[in-house]
Amino acid sequence: IDKINNGLAGGNVVFSFEFFPPKTEEGVENLFDRMDRMVMHQPAFCDITWGAGGSTSAVTLDIANKMQNMICVETMMHLTCTNMLVETLDGALDSVKSNGIQNILALRGDPPHGQDKFVTIEGGFSCALDLVRHIRAKYGDYFGITVAGYPEAHPEVIGEDGVASEEAYQKDLAYLKEKCDAGGEVIITQLFYDTDIFLKFVNDCRQIGIKVPIVPGIMPIQNYKGFLRMTTLCKTKVPAEIMAALEPIKDNDEAVRAYGIHLGTEMCKKILAHDIRTLHLYSLNLEKSVLGILQNLGLIDFSRVSRPLPWRPPTNSKRT
Ligand code: FAD
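Basis of the calculations
Residues numbered from 1 in each chain as written. Predicted model: local features only at pLDDT ≥ 70, side-chain atom pairs only at ≥ 80, totals over all residues. Heavy atoms only, no water. Buried < 20%, exposed > 50% of the residue type's maximum accessible area, 1.4 Å probe, protein only. Helix = DSSP H or I, 4+ residues; strand = E, 2+ residues; numbered from the N terminus. Pairing = 2+ DSSP bridges. Right-handed = clockwise from strand over helix to strand, strands pointing away. Axes fitted to C-alpha atoms, helices over the stretch in contact; angles between N-to-C directions. Near = heavy atom within 4 Å. Polar contact = N/O pair within 3.5 Å; in protein donor to acceptor, adjacent residues only side chain to side chain. Areas by Shrake-Rupley, 256 points an atom, 1.4 Å probe, with all protein chains shown as cover.

A. Geometry of the pairing of strand β5 (residues 144-149). For β5, the buried fraction is high: 6 of the 6 residues fall into the buried class. Residue alternation in β5 divides its side chains into two sets, Gly-144, Thr-146 and Ala-148 and Ile-145, Val-147 and Gly-149, and both sets are buried. Looking at chain direction, strand β4 (residues 103-107) and β5 are connected through 4 bridges and run parallel. Within β5, the residue paired with Asn-103 across the bridge is Gly-144. Traced from β4 through helix α5 (residues 128-139) to β5, the parallel crossover comes out right-handed. Sheet topology places β5 next to strand β6 (residues 184-191); 5 bridges connect them, and they run parallel. Of the residues in β6, the one forming a bridge with Thr-146 is Val-186. Crossover handedness for the path β5 to helix α6 (residues 166-181) to β6: right-handed.

B. Molecular detail of the sheet that holds strand β2 (residues 45-48). Read around the barrel, 8 strands follow the order β1-β2-β3-β4-β5-β6-β7-β8 and close on themselves; strand pairing throughout is parallel. The mean inter-strand angle of the sheet, taken between neighbouring strand axes irrespective of direction, is 30°. Here 5 bridges tie strand β1 (residues 14-19) to strand β8 (residues 278-282), and the two strands are oriented parallel to one another. By the bridge assignment, Phe-15 is partnered in β8 with Leu-279.

C. Focus on the site of the ligand. Surveying the vicinity of the ligand reveals 21 residues, the closest of which are Trp-50, Asp-110, Tyr-150, Asp-172 and Lys-179. Contact distances for the ligand include 3.2 Å between an oxygen atom and a backbone N or O atom of Gly-109. Between an oxygen atom of the ligand and a main-chain N or O atom of Ala-128, the distance comes to 2.8 Å. Contact with the protein chains covers 83% of the free accessible surface of the ligand, which is 960 Å². Of all the secondary-structure elements, those providing two or more residues to the shell around the ligand are β3 (75-80), β4, α6 and β6. Examining the composition of the shell around the ligand, we find that 3 residues originate from one element, α6, more than from any other.

Read these as spatial facts, not as claims about activity.
Written as structure tokens, this is what we have:
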């Protein structure tokens, strides 16, 4: 939050990159190399996701610790309550704390694969609000806490017609305010492709007294199938003109990526024009699209990357 506030106070646009834990050791090595290159563009922070149901907990913890101490970037680790005993959550929090990480994205999480409803395990938490309260109660102000926000309401309350009822949307907003009142200092949103929905959401949050930065989560379209999978999973509204633009190029990955950069740039321009100067870029562990958008916006300049690489062991050595 300090980095966001300082950036905004200095009149800057604050941006950040999200990554997920790769499945193989080689993938992790590649990710660190990519992060090194991306971090040279000076994001305010980078974050690493927590696999559904804690499935990646060991890898996520390891990557988070190395991001903070080896890549040397301000790091935020996602943490979900699904299938996690309080002692296990504390184990993760103690581990990142001992490694100097000060930022947590506190989430409920989705049901584990094969289960369609979230079920609270015995001795576990039932929602992100429980986790936010717990972190504040046990760790005081040590952690900066971010929470998730849903411009179209949480997918669980989005109906067959693709929209949430006004009542469900308002309930979701009121609950988001509770998460902020309990200690959430930043909101990062679910991906969206209709920028007007995001702008309305920000306005609605402000109307009910949510004052914290609301950071739009921007996911550049990088390939057609992945885009369809993600928007279906998250029940994201896709404006007709986007589908129309994609239809003739859907089998051409290069053209889809170029369109994704163009669309992402236009979305960000509109957001920035409304004086919202924070951007969170879902990188999907790839650099071209997110850097392409930032370059189009004039926020990074490849010819002026001067940050020396932080110390790294030779790439063929085993990381411990
Ligand atoms: P909550 O904030 O607990 O809310 C879930 C839903 O329940 C909302 O509709 C809320 O309104 C409702 N609700 C809960 N409690 C109450 C209450 N007391 N009163 C009223 N309504 C209530 N998933 C992962 O597994 N790993 C990740 O790393 C990850 N990262 C994410 C990052 C972002 C930015 C976002 C937006 C989502 C991420 N997710 C991740 C997905 C997330 O875990 C799911 O969307 C999950 O279903 C909800 O998590 P939450 O923290 O938003 O839940």
